[in-house]
Amino acid sequence: MKLIIGNWKMFPSSPKEAKSIFNGIKKGVRGVTHAKVIVCPPALFISTLIAIKAKAKISIGGQNSSFEDEGAHTGETSPRALALIGATHVILGHSERRAMGETNKEVSAKVVAAIRNKLTVVLCVGEKARDEHGAYFNEVAMQLHSSLEGFPKNEFKRLVIAYEPIWAIGAKAKRAATPSDCREMSILIRRELTEYFGKKVAFTIPILYGGSVDDRNAEGFLKEGEADGLLVGRISLDPEKFSTIIHIANNFRKL
Ligand code: PEP
């Protein structure tokens, strides 16, 4: 089953709009049986969306959480609180947070705390830029390796990797990566995961692609790119386009 995750980033700014987007996605997931959908709104709206979720098959996740369950950390989000209000997932190590100074060491501590609180971690990795010598492969391997430090191996079912090349993320990106860029990097990530978890487990951990995914290029990443799912930013705020992506993923049951 393909995994489709929406990262709303810091949008929208009103609860009314958040509810309206979410209700649109709720309509969009009707009849979907073979795609797992997770929406990660700003933390302020998590409870609101959980309250209106009803029976819709959408899980709700956070976009960040602390390395501690509680403490004197002004402005941080507790992973324990996230889990207690009903979130099931949390995105960690997103490049927009790494750009604010988050290190691999901090990411790994957050990952361990999230797992301790029974959240599923969507761990983001990706290179800043590509060079002709392929140094970016090492960059991603290193990032993954360090961000997983201390990850309890028996909790592998709570891990999802999102490959997000930084140069392909956001409105300023010139283009998305290609399906073959995605496939190539998945092979490397799978190899790194094999080193950590062993082959059998490594092949069960979903590897998603993220970076300017839309309703036109989604199929290519899932098919030729062999991605196990997609982490969708901007377009996940557009219920119609996001629902199209969900249905593309759902159709993979027929293949
Ligand atoms: C993201 O923020 O994780 C992302 C992939 O953004 P976008 O789809 O807007 O490039």
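Residues numbered from 1 in each chain as written. Predicted model: local features only at pLDDT ≥ 70, side-chain atom pairs only at ≥ 80, totals over all residues. Heavy atoms only, no water.

### A word on the site of the ligand
No. 1: Around the ligand, the structure places 13 residues, and the nearest of them are K9, E164, G170, S212 and R234.
No. 2: Side-chain polar atom of N7 to an oxygen atom of the ligand: 3.2 Å apart, as the coordinates give it.
No. 3: Measuring from an oxygen atom of the ligand, one finds a side-chain N or O atom of K9 at 2.7 Å.
No. 4: The fraction of the free accessible surface of the ligand (290 Å²) that becomes covered by protein chains is 100%. (Near = heavy atom within 4 Å. Polar contact = N/O pair within 3.5 Å; in protein donor to acceptor, adjacent residues only side chain to side chain. Areas by Shrake-Rupley, 256 points an atom, 1.4 Å probe, with all protein chains shown as cover.)

### Some points on the sheet that holds strand β7 (residues 207–210)
No. 1: Spatially, 8 strands are ordered β1-β2-β3-β4-β5-β6-β7-β8 in a closed barrel, and the strand pairing comes out parallel. The sheet shows a mean angle of 25° between the axes of neighbouring strands, taken without regard to direction.
No. 2: Here strand β6 (residues 159–163) runs beside β7; their pairing, made up of 3 bridges, is parallel. Paired with I161 across the two strands is I207, which belongs to β7.
No. 3: Seen against the sheet, helix α6 (residues 135–147) touches β5 (120–125) and β6 and runs at an angle of roughly 150° to β5.
No. 4: Contacts from helix α10 (residues 239–250) reach β1 (2–7), β2 (35–40) and β8 (229–232) within the one sheet, and its direction differs from that of β1 by about 165°. (Pairing = 2+ DSSP bridges. Helix = DSSP H or I, 4+ residues; strand = E, 2+ residues; numbered from the N terminus. Axes fitted to C-alpha atoms, helices over the stretch in contact; angles between N-to-C directions. Contact = heavy atoms within 4.5 Å.)

### Focus on the layout of surface pockets
No. 1: Size it by volume and the largest pocket reaches roughly 590 Å³.
No. 2: Around the largest pocket, the lining comprises 23 residues; the ones closest to its centre are K9, M10, Q63, R97 and M100.
No. 3: Within the lining of the largest pocket, the residues separate by chemical class into 11 nonpolar, 8 polar and 4 charged.
No. 4: In this structure, the second largest pocket encloses a volume near 220 Å³.
No. 5: Surrounding the second largest pocket, S95, E96, R98, A99, G126, K128, E139, Q143, I166 and I169 form its lining.
No. 6: Within the residue set of the lining of the second largest pocket, elements represented by two or more residues are α4 (95–98) and α6.
No. 7: Among the elements that take part in the lining of the second largest pocket, α4 stands out by supplying 3 residues, more than any other.
No. 8: The residue inventory of the lining of the second largest pocket, partitioned by class, reads 3 nonpolar, 3 polar and 4 charged. (1 Å grid on protein atoms, 1.4 Å probe; cavity = no way out; pocket = protein on both sides within 12 Å on 5 of 7 lines; lining within 4 Å. Points joined across faces, edges and corners; volume = space filled by probe spheres on them. Nonpolar A, V, L, I, M, F, W, Y, C, P; charged D, E, K, R; others polar.)

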